[in-house]
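The primary structure of each chain is shown beneath.
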Amino acid sequence: MSIYKDCDVRGVYGRELTARDTYSIGRALATLSPGRFLVGGDVRLSTPELKAALVRGLLDSGAEAVDLGTIPTPALYFALKRSGARAGATVTASHNPPEYNGVKYMIGKTPVTRDAMDRLHDLVARGEFREGKGTLESWNVCADYLDALAERFRAPRPLHVLVDAGCGAMGPVAPEAFRRAGYRVTELSCVPDGAFPDRSPNPAEYSCLAKTGAAVRAAGADFGVAFDGDGDRAVFLDETGAPVQNEKSLVLFIRSLLKARPTPVVYDQKSSSVIRDAVLEMGGTPLPEKSGHAFIKKRFLENGAALAGEVSGHFFFGELGYDDGLFAALTMAELIAKSGRTLGEMAAEIVCPPITPDIRIFCPYDQQQRWLDGVEAMAREKGAQISHLDGVRADFGDAWFLMRKSVTAEQVTLRAEAPTQPRLRALLAEIAKALPEQARAALET
């Protein structure tokens, strides 16, 4: 399996991704973007070695490298915007398990595309790198990042916040940001540990947040926030410790941020219809997009949207021009404090129709298109509107489903929504009839 994914480099450390790889990637990045290059890394155990190799590669191709230290990924975006530098990278595998690592990079203002990744891969394979003797300086960007957040946020009233950094990169940063904004903070798993011993680095797996919810209740906190490994995602928990569905969090942001100036809102097309409905209620324009950070961010920037979001917990803000889990958390705290209500009360008012999780069904690569063609034919026969933004999405008016190929595994992914559970079960039954018999069990559980 290639380490060159759609919008970043990622693989199992030592087996798929080595220091030799990141050295070559550094050479290639400095060849593609000569001049100043910002570089940071997360808290994973393999990051120091991989980051050092990346920096050596940058220097050997003549880059003016700036070492940002150990950072959450949003601090890289902040650094690029603050400094005006054209390019930067951070060594991280985001929310993946601890054995993984990778490189997220940016050259210019637009997000990395599949074509850009292919160019990087091709350059690494050819080894035709720029030669030079670079320079290296340091910048404690997290200090400036915290100062900027302190200037932007001031608590309308002193809420009590449970901050769960999951032993990730937000640990040394998020509690300080909340305290400087005037909030009382209880910390959970805020000591960095790249083995991620306390929970999965992916808080969108709500099942891993039982300890976080118990800590919210034990502390008597007004709400909790759980960050992913590199801090660009956030998941919220209400005052009872219950995780708030990410679509509901996005709806709360929509209702707040579109009051003064309705704008487009970009969201991944597999999201609950409550997002589309909330945008329309606020006078905005709903813009569904293909799932994936690069696709969401590109459309968000192109349309001057006030907000964008993904089911995974990425929240993009027009004020920033990028996604930031800590900015989202401080915005949520401000929203709750100004409302005079609890997060649980506000979330309970948002009623999501019955919707499945992502249902992953084993399917050999050479059969995936045939499966998609089969469910599309069924949907067309029943009068559905079909779109091919990513896979097959069928809208029946009162219900919809999305089936997509996997680019990383022999499987297809299905998600469906309907106004009632019986209608959802009926829809899944129709989809099952359009699939080979061996696939039907996954839709019957």
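To be clear, the structure that these remarks concern was listed above.
Residues numbered from 1 in each chain as written. Predicted model: local features only at pLDDT ≥ 70, side-chain atom pairs only at ≥ 80, totals over all residues. Heavy atoms only, no water.

Draft legend 1. Representation of the overall build of the protein within the structure. When helices and strands are counted, the protein shows 15 helices and 20 strands. Taken against the 2.2 N^0.38 rule, which gives 22 Å for 445 residues, the C-alpha radius of gyration of the protein at 22 Å falls within 12% of a compact globule. Along the first, second and third principal axes, the C-alpha set of the protein runs to 65 × 55 × 40 Å. Expressed as a percentage of the 445 residues in the protein, the buried residues total 59%. Considering only contacts in the protein between residues 6 or more positions apart, those separated by 24 or more positions represent 69%. As displayed, the protein has an accessible area near 17,800 Å², and 50% of this comes from carbon and sulfur atoms. Here the protein contributes 53 positively and 57 negatively charged side chains, and the mean placements of these two sets differ by 2 Å. (Helix = DSSP H or I, 4+ residues; strand = E, 2+ residues; numbered from the N terminus. Rg over C-alpha atoms; globule rule 2.2 N^0.38 Å. Buried < 20%, exposed > 50% of the residue type's maximum accessible area, 1.4 Å probe, protein only. Contact = heavy atoms within 4.5 Å. Areas by Shrake-Rupley, 256 points an atom, 1.4 Å probe, with all protein chains shown as cover. Lys, Arg positive; Asp, Glu negative; His and termini not counted. Charge placed at Lys NZ, Arg CZ, Asp CG, Glu CD.)

Draft legend 2. Focus on the layout of surface pockets. The space that makes up the second largest pocket amounts to roughly 510 Å³. Looking at the second largest pocket, it is lined by 24 residues, and the ones nearest its centre are Leu252, Arg255, Ser256, Leu257 and Leu335. Residue assignment for the lining of the second largest pocket shows that the elements contributing at least two residues are helix 8 (246-257) and helix 11 (325-339). By residue number, the principal contributor to the lining of the second largest pocket is helix 11, which donates 6 residues. Here the residues of the lining of the second largest pocket are counted per class, giving 9 nonpolar, 6 polar and 9 charged. (1 Å grid on protein atoms, 1.4 Å probe; cavity = no way out; pocket = protein on both sides within 12 Å on 5 of 7 lines; lining within 4 Å. Points joined across faces, edges and corners; volume = space filled by probe spheres on them. Nonpolar A, V, L, I, M, F, W, Y, C, P; charged D, E, K, R; others polar.)

Draft legend 3. Structural detail: the side chain of Ser272. One can find Ser272 in the loop between strand 11 (264-268) and helix 9 (273-281). Of the residues examined, Ser272 reaches a relative accessible area of 0% and is grouped as buried. Aside from chain neighbours lying at most four places away, what touches Ser272 is Glu247, Cys352, Pro353, Ile355, Arg415 and Glu417.

Draft legend 4. Spatial organisation of the packing of helix 1 (residues 19-32) against helix 2 (residues 47-60). Where helix 1 meets helix 2, the closest approach of the two axes is 7 Å, and the angle between their N-to-C directions is 35°. In the crossing of helix 1 with helix 2, the sense of the turn from one axis to the other is right-handed. Between helix 1, through Ala19, Thr22, Tyr23, Ile25, Gly26, Arg27, Leu29 and Ala30, and helix 2, the contact on the second element is made entirely by Glu49, Leu50, Ala53, Leu54, Arg56, Gly57, Leu58 and Asp60. Residue classes in the contact of helix 1 with helix 2 are distributed as 9 nonpolar, 3 polar and 4 charged. (Axes fitted to C-alpha atoms, helices over the stretch in contact; angles between N-to-C directions. Left-handed = near helix turned anticlockwise from the far one by under 90°.)

Draft legend 5. Examining empty space enclosed by the protein more closely. Across all of its chains, the model carries 1 cavity of 30 Å³ or more by this definition. Every residue lining the largest cavity is listed: Asn246, Glu247, Leu250, Asp268, Ser271, Ile275, Gly309, Glu310, Val311 and Phe315. Counting residues per element, the lining of the largest cavity draws most heavily on helix 8, which supplies 3 residues. In the lining of the largest cavity, the residues fall into 4 nonpolar, 3 polar and 3 charged.

Draft legend 6. Quick peek at the state of the cysteines. Using the criterion set out here, one finds 0 disulfides in the structure. Counting only cysteine sulfurs, Cys167 is the nearest neighbor of Cys190, a cysteine outside any disulfide, at a range of 8.5 Å. (Disulfide = S-S within 2.5 Å.)

Draft legend 7. How the structure looks around the sheet that holds strand 9 (residues 223-227). With mixed pairing, the 4 strands of this open sheet are ordered in space as 8-7-9-10. Whereas interior strands pair on both sides, the edge strands pair on one side only; in this sheet they are strand 8 (184-188) and strand 10 (234-237). This sheet shows a mean twist of 25° between the axes of neighbouring strands, independent of strand direction. Summarising the sheet, strand 7 (residues 160-164) and strand 8 pair through 5 bridges and their orientation is parallel. The partner of His160 across the bridge, within strand 8, is Arg184. Along the sheet, helix 7 (residues 210-219) makes contact with strand 7, strand 8, strand 9 and strand 10, crossing strand 7 at roughly 155°. (Pairing = 2+ DSSP bridges.)

Draft legend 8. A look at unusual backbone geometry. The backbone phi angle of Ser189 is positive, close to 55°, even though this residue is not glycine. Mapped onto the fold, Ser189 is located in the loop between strand 8 and helix 7. Positioned with a positive phi, Phe196 is a non-glycine residue whose angle comes to about 45°. Inspection of the secondary structure puts Phe196 in the loop between strand 8 and helix 7. The buried category is assigned to Phe196, whose relative accessible area is 6%.

Draft legend 9. View of the sheet that holds strand 16 (residues 359-362). Read across the open sheet, the 5 strands follow the order 16-20-19-18-17; overall the sheet is antiparallel. Two strands close off the open sheet at either side, each with one partner strand: strand 16 and strand 17 (385-387). The sheet shows a mean angle of 20° between the axes of neighbouring strands, taken without regard to direction. Judged from the 6 bridges that link them, strand 19 (residues 400-405) and strand 20 (residues 411-417) form a sheet pairing that is antiparallel. The partner of Arg404 across the bridge, within strand 20, is Thr413. Each of strand 16, strand 17, strand 18 (392-395), strand 19 and strand 20 is contacted by helix 13 (residues 368-381), which is oriented at about 165° to strand 19, the strand it contacts most. Along the sheet face, helix 14 (residues 421-433) touches strand 19 and strand 20 and points at about 150° away from the line of strand 20.

Draft legend 10. Expanded view of the side chain of Asp164. With respect to the helices and strands, the residue Asp164 is situated in strand 7. For Asp164, a relative accessible area of 1% corresponds to the buried category. A polar contact is formed between the side chain of Asp164 and the side chain of Arg199, at a distance of 2.7 Å. (Polar contact = N/O pair within 3.5 Å; in protein donor to acceptor, adjacent residues only side chain to side chain.)

Draft legend 11. Region of the structure containing the nonpolar core. Counting 72 residues, the largest nonpolar core has Phe178, Phe223, Phe236 and Leu326 as its most contacted members. For this core, the element with the highest residue contribution is helix 11, accounting for 10 residues. Formed by 32 residues, the second largest nonpolar core is a distinct cluster that contains Val9, Leu29, Val39 and Val124. (Core = buried A, V, L, I, M, F, W, Y, C linked by side-chain atoms within 4.5 Å.)

Draft legend 12. Here's a closer look at the packing of aromatic side chains. One pass over the full model with this rule turns up 12 aromatic pairs. Ring geometry for Phe253 against Phe315: centres 5.2 Å apart, planes inclined by 75°, an arrangement best described as edge-to-face. Here Phe315 lies in strand 14 (residues 315-317) and Phe253 lies in helix 8, a separation of 62 residues in the sequence. Each member of the pair, Phe253 as well as Phe315, is classed as buried. Residues Phe300 and Phe316 carry aromatic rings whose centres are separated by 5.6 Å and whose planes lie at 50° to one another, so their mutual orientation is tilted. Residue Phe300 is located in helix 10 (residues 293-302), and its partner Phe316 is located in strand 14; the two are separated by 16 residues in the primary sequence. A cation over an aromatic ring shows up here: Lys297 above the ring of Tyr77, its NZ or CZ 4.8 Å from the ring centre. The cationic tip of Arg393 hangs over the ring face of Trp400; the distance from NZ or CZ to the ring centre is 4.1 Å. (Phe/Tyr/Trp six-rings, centres within 6.5 Å; stacked < 30°, edge-to-face > 60°. Lys NZ or Arg CZ within 6 Å of the ring centre and 35° of its normal.)

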